[in-house]
Amino acid sequence: EGLPLGEEAAILEALTLGLRDYTRRCGITKVVLGLSGGIDSALVACIAVRALGADNVFGVAMPSRYSSEGSITDARALADGLGLRFSVVPIEPLFSPYHDVLPPALDALEKAPPGAVTFENVQARLRMTVLMALANRTGAMVLNTGNKSEVACGYSTLYGDMAGGLAILADVLKTKVYGVAREVNRQHGGALIPESTLTKPPSAELRPNQTDQDSLPPYDVLDAVLERLIEQHESPARI
């Protein structure tokens, strides 16, 4: 006690304090978030439980046709470990009709270019619609789970996963998210965040066999660039 915290531990304490302070000042007692089985939502859930208590955190898995079974398993394991309320609300019944209704209108404008992301974004927006409905019913605030690396590159969906009342990880680069997540497990004395969540390739799971590295450089490379560009204000030429 009294010794300086390590960097990851200090970040964890700061993020917990930030969420607790924000919610208290705003009169918010409950939060809801999407639990994808990925590292970002796992860390946000852990921070929310530390800040508000497990009884006040509601995690929701929202699988689509592209979601892996492991994603649901990891999300459920995390929820069980944290003791928070957890539900599975599949978006496939909501998503499927879009494939009947939208293509004629879209194709009348122009044919889809290679790599079109229209239906990827539809899924992200459907998930936020579900989260907002649950938030409205329970008086909770939706927590955004996007990290700084994604937001800086625009690797996210407007009105989808960019939405929410507070973006806990908005100033935390992806590589640092992993470090803080491992600090959570260290403090817990075990794999509160499942090891598979920490080791599997990051993926938005919005199309078959998708990984983040299909669209972005490896995060250790990307984060080094972003830190020099955003934090140190170096020129692109110098970087």
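Each remark here, short or long, concerns the structure printed above.
Criteria and cut-off values
- Residues numbered from 1 in each chain as written.
- Predicted model: local features only at pLDDT ≥ 70, side-chain atom pairs only at ≥ 80, totals over all residues.
- Heavy atoms only, no water.
- Axes fitted to C-alpha atoms, helices over the stretch in contact; angles between N-to-C directions.
- Helix = DSSP H or I, 4+ residues; strand = E, 2+ residues; numbered from the N terminus.
- Parallel < 35°, antiparallel > 145°, perpendicular 65-115°, else oblique.
- Contact = heavy atoms within 4.5 Å.
- Nonpolar A, V, L, I, M, F, W, Y, C, P; charged D, E, K, R; others polar.
- Expected span 1.5 Å × (residues − 1).
- Buried < 20%, exposed > 50% of the residue type's maximum accessible area, 1.4 Å probe, protein only.
- Arc of directions from axis to C-beta.
- Pairing = 2+ DSSP bridges.
- Phe/Tyr/Trp six-rings, centres within 6.5 Å; stacked < 30°, edge-to-face > 60°.
- Lys NZ or Arg CZ within 6 Å of the ring centre and 35° of its normal.
- Core = buried A, V, L, I, M, F, W, Y, C linked by side-chain atoms within 4.5 Å.
- Patch = residues over 30% accessible without salt bridge, like charges linked within 9 Å, V, L, I, M, F, W, Y side chains within 5 Å.
- Areas by Shrake-Rupley, 256 points an atom, 1.4 Å probe, with all protein chains shown as cover.
- Salt bridge = Lys/Arg side-chain N within 4 Å of Asp/Glu carboxyl O.
- Left-handed = near helix turned anticlockwise from the far one by under 90°.

Asker: Whenever I open this one, the packing of helix H1 (residues 7-26) against helix H7 (residues 174-188) confuses me. Can you help?
Answerer: Pairs of packed helices are described in terms of their axes, by the angle between the two and the distance that separates them. Orientation of H1 relative to H7, taken along the N-to-C sense of each, is 90°, at an axis distance of 9 Å. Relative to H7, the element H1 lies roughly perpendicular. Taking contact as the criterion, the partners of Glu7, Glu8, Ala9, Ile11 and Leu12 in H1 are, on H7, Lys176, Gly179, Val180, Glu183, Val184 and Gln187. Tallied by class, residues from the contact of H1 with H7 come to five nonpolar, two polar and four charged.

Asker: I tried to follow helix H3 (residues 69-82) on my own but got confused; where do I start?
Answerer: One turn of an α-helix holds 3.6 residues; hence residues three or four places apart share an orientation. When the terminal C-alpha atoms of H3 are compared, their 20 Å separation across 14 residues agrees well with the 20 Å that a helix rising 1.5 Å per residue should span. Of all the residues in H3, the buried ones are Ser71, Ile72, Asp74, Ala75, Leu78, Ala79 and Leu82. With its buried residues spanning 165° around the axis, H3 presents them on a single face. Exposed and oriented more than 90 degrees from the buried face of H3 are Glu69 and Asp80. Packing partners of the buried residues in H3 comprise helix H2 (39-52), strand S2 (57-61), strand S3 (85-88) and helix H8 (195-199). A positive phi of about 75° marks Gly83, the residue just after H3.

Asker: Just checking my understanding: could you explain the sheet that holds S2 for this structure?
Answerer: Two orientations exist for strands paired in a sheet by backbone hydrogen bonds: parallel and antiparallel. If you walk across this open sheet you meet the five strands as S3-S2-S1-S4-S5, and the pairing is parallel. The strands lining the two open edges of the sheet, one partner per strand, are S3 and strand S5 (166-167). Here strand S1 (residues 31-34) runs beside strand S4 (residues 141-144); their pairing, made up of two bridges, is parallel. Each residue of the ladder has a partner; that of Val32, found in S4, is Val142. Strands in contact with H3 are S2 and S3; relative to S3, the strand with the most contacts, it is inclined by about 160°.

Asker: I'm lost on unusual backbone geometry in this one. Help?
Answerer: Residues apart from glycine generally show negative phi values, whereas peptide bonds are mostly found in trans. Here the phi dihedral of Tyr159 falls at roughly 65°; this positive angle occurs in a residue that is not glycine. By the secondary structure assignment, Tyr159 is in the loop between helix H6 (148-153) and S5.

Asker: I'm lost on the packing of aromatic side chains in this one. Help?
Answerer: Between two aromatic rings, the relevant description is the distance of the centres plus the angle of the planes. Going through the model one piece at a time under the given rule, you end up with one aromatic pair. Arg85 extends its terminal NZ or CZ atom over the ring of Phe58, reaching a point 4.8 Å from the ring centre.

Asker: Teacher, can you tell me more about the side chain of Thr157 here?
Answerer: Checked against the element boundaries, Thr157 lands in the loop between H6 and S5. The exposure class assigned to Thr157 is buried, which follows from its relative accessible area of 5%. Those residues within four positions of Thr157 in sequence are excluded, and the remaining contacts are Asn121, Ala124, Arg125 and Met162.

Asker: Looking at this structure, how should I read the nonpolar core?
Answerer: When a protein is soluble and globular, its nonpolar side chains tend to lie buried together. Residues Leu35, Leu84, Leu143, Leu169 and Ile193 are the most contacted members of the largest nonpolar core, which totals 42 residues. Looking at this core, the elements with two or more residues in it are H1, S1, H2, S2, H3, S4 and H7. Ranked by residues supplied to this core, first place goes to H2 with eleven residues. With near-sequence residues (within four places) excluded, Leu143 lies in contact with Leu19, Val31, Val32, Leu33, Val44, Ala48, Leu166 and Ile168. The next biggest cluster of nonpolar side chains, apart from the first, holds eleven residues, and it includes Met128, Leu131, Ala135 and Ala140.

Asker: Got a minute to help me understand the pairing of S4 in this structure?
Answerer: A regular strand places its side chains so that they alternate between the two faces of the sheet. The alternating pattern of S4 places Met141 and Leu143 and Val142 and Asn144 on opposite faces, both of which are buried. Inspection of the sheet shows S4 paired to S5 by two bridges, in the parallel sense. Opposite Leu143, over in S5, you have Leu166 as the bridge partner.

Asker: Can you walk me through a nonpolar patch on the surface in this structure?
Answerer: A cluster of nonpolar side chains, namely Val221, Val225, Leu229, Ile230 and Ile239, defines an oily patch on the protein surface of about 340 Å² accessible area. Relative to the assigned elements, Val225 resides in helix H9 (residues 219-231).

Asker: How should the packing of helix H4 (residues 92-109) against helix H5 (residues 118-138) be read in this particular structure?
Answerer: Viewed as axis vectors pointing N to C, H4 and H5 meet at an angle of 135°, and their least axial separation amounts to 11 Å. Relative to H5, the element H4 lies oblique. Where H4 crosses over H5, the two elements pack in a sense that is right-handed. Each of Leu94, Phe95, Tyr98, His99, Leu102, Pro103 and Leu106 in H4 lies in contact with H5, whose residues at this interface are Thr118, Phe119, Val122, Gln123, Leu126 and Val130. Classifying every residue of the contact of H4 with H5 gives ten nonpolar, three polar and no charged.

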